[in-house]
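Chain residues, written in single-letter form:
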Amino acid sequence: MILIIEDDGALSKDISTKLRENNLEAKIAYSYLSAMGLWNKYQNEINCIILDLNINPDGMEPIVNSSLFPVNGLAFLKEIKWKSDAKLPVIVYSGYTSHLQIACEQQEIPYKDLIVISKSGFSLRTLIDTVKNIVI
């Protein structure tokens, strides 16, 4: 099962549809809290995570309360105590990858073990092919 953590509803559904077309099961988390809920329920079945770096805490709704701010996807990895030696591949699929290595160092997350695909530089096909190469 692939866990998609992406607060853009259209994009997450496109990713999920393409994965299903390739006979891969996917669960979508639209917010940090829903990601934690799905992780707690399915962690033993998840064999890959597709992670957006900026996750709206309320999911797909626009942020209207100035006290709310996007949650860094790396916080999710830290919360689940992701370690590269656990052999759970994580694909960071984001438009904000330029400072990812520094952010990983600050969060004590092994950058070298992440698979990084920039939304702006690659197609959805690249993402799906990457997942297929990892999981199949």
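Residues numbered from 1 in each chain as written. Predicted model: local features only at pLDDT ≥ 70, side-chain atom pairs only at ≥ 80, totals over all residues. Heavy atoms only, no water.

At a closest axis distance of 10 Å, the pairing of helix α1 (residues 9-21) and helix α5 (residues 124-135) adopts a crossing angle of 50 degrees. Between α1 and α5, the angle is such that the two are oblique. Read as a crossing pair, α1 and α5 show a hand that is right-handed. Touching Asp14, Ile15, Lys18 and Leu19 of α1 are Leu124, Arg125, Leu127, Ile128 and Val131, all from α5. Here the residues of the contact of α1 with α5 sort into 6 nonpolar, no polar and 3 charged. (Axes fitted to C-alpha atoms, helices over the stretch in contact; angles between N-to-C directions. Helix = DSSP H or I, 4+ residues; strand = E, 2+ residues; numbered from the N terminus. Parallel < 35°, antiparallel > 145°, perpendicular 65-115°, else oblique. Left-handed = near helix turned anticlockwise from the far one by under 90°. Contact = heavy atoms within 4.5 Å. Nonpolar A, V, L, I, M, F, W, Y, C, P; charged D, E, K, R; others polar.)

Its identity is not glycine, yet Asn23 carries a phi of approximately 60 degrees, on the positive side. Relative to the helices and strands, Asn23 is located in the loop between α1 and β2 (26-29). Given the relative accessible area of 75%, Asn23 is considered exposed. The phi dihedral of Lys81 falls on the positive side, at around 60 degrees, and the residue is not glycine. Inspection of the secondary structure assignment puts Lys81 in the loop between α3 (73-79) and β6 (90-94). (Buried < 20%, exposed > 50% of the residue type's maximum accessible area, 1.4 Å probe, protein only.)

Moving on: the sheet that holds strand β1 (residues 2-5). Strands sit in the order β2-β1-β3-β6-β7 across an open sheet of 5 strands; the sheet is parallel. Single-partner strands in this sheet number two, and they are β2 and β7 (115-118). The average angle at which neighbouring strand axes cross in this sheet is 20 degrees, direction not considered. Sheet contacts for helix α2 (residues 32-42): β1, β2 and β3 (48-51); angle to β2, the most-contacted strand, approximately 145 degrees. Against the sheet, α5 touches β1, β3, β6 and β7, its axis set at about 175 degrees to β6. (Pairing = 2+ DSSP bridges.)

Here we take up the pairing of β7. Both β6 and β7 contribute to a ladder of 4 bridges, which runs parallel. Looking at the pairing, Ile91 lines up with Ile115 of β7. You can see the chain leave β6, run along helix α4 (residues 100-107) and come back into β7, and the turn it takes is right-handed. (Right-handed = clockwise from strand over helix to strand, strands pointing away.)

Under the defined criterion, the tally for this structure stands at 1 aromatic pair. Pairing Trp39 with Phe76 gives two aromatic rings, centres 6.4 Å apart and planes at 90 degrees, and the pair type is edge-to-face. Of the two residues, Trp39 sits in helix α2 while Phe76 sits in helix α3, which places them 37 residues apart along the sequence. Assigned by exposure class, Trp39 and Phe76 land together as buried. (Phe/Tyr/Trp six-rings, centres within 6.5 Å; stacked < 30°, edge-to-face > 60°.)

We now examine the side chain of Ser12. Tracing the chain through its elements places Ser12 in helix α1. Here Gly9 takes part through its backbone oxygen, which lies 3.0 Å from a polar atom of the side chain of Ser12. Setting aside its immediate chain neighbours within four residues, Ser12 contacts Ile4, Glu6, Ile28 and Tyr30. (Polar contact = N/O pair within 3.5 Å; in protein donor to acceptor, adjacent residues only side chain to side chain.)

It is worth spelling out the environment of Leu88 at this point. By secondary structure assignment, the location of Leu88 is in the loop between α3 and β6. Residue Leu88 is classed as buried on the basis of its relative accessible area, which comes to 10%. Each C-alpha atom of the pair Leu88 and Ile49 lies 7.6 Å from the other, and the pair is 39 residues apart in sequence. Apart from residues no more than four positions distant in its own chain, Leu88 is found in contact with Trp39, Ile46, Asn47, Cys48, Ile49 and Trp82.

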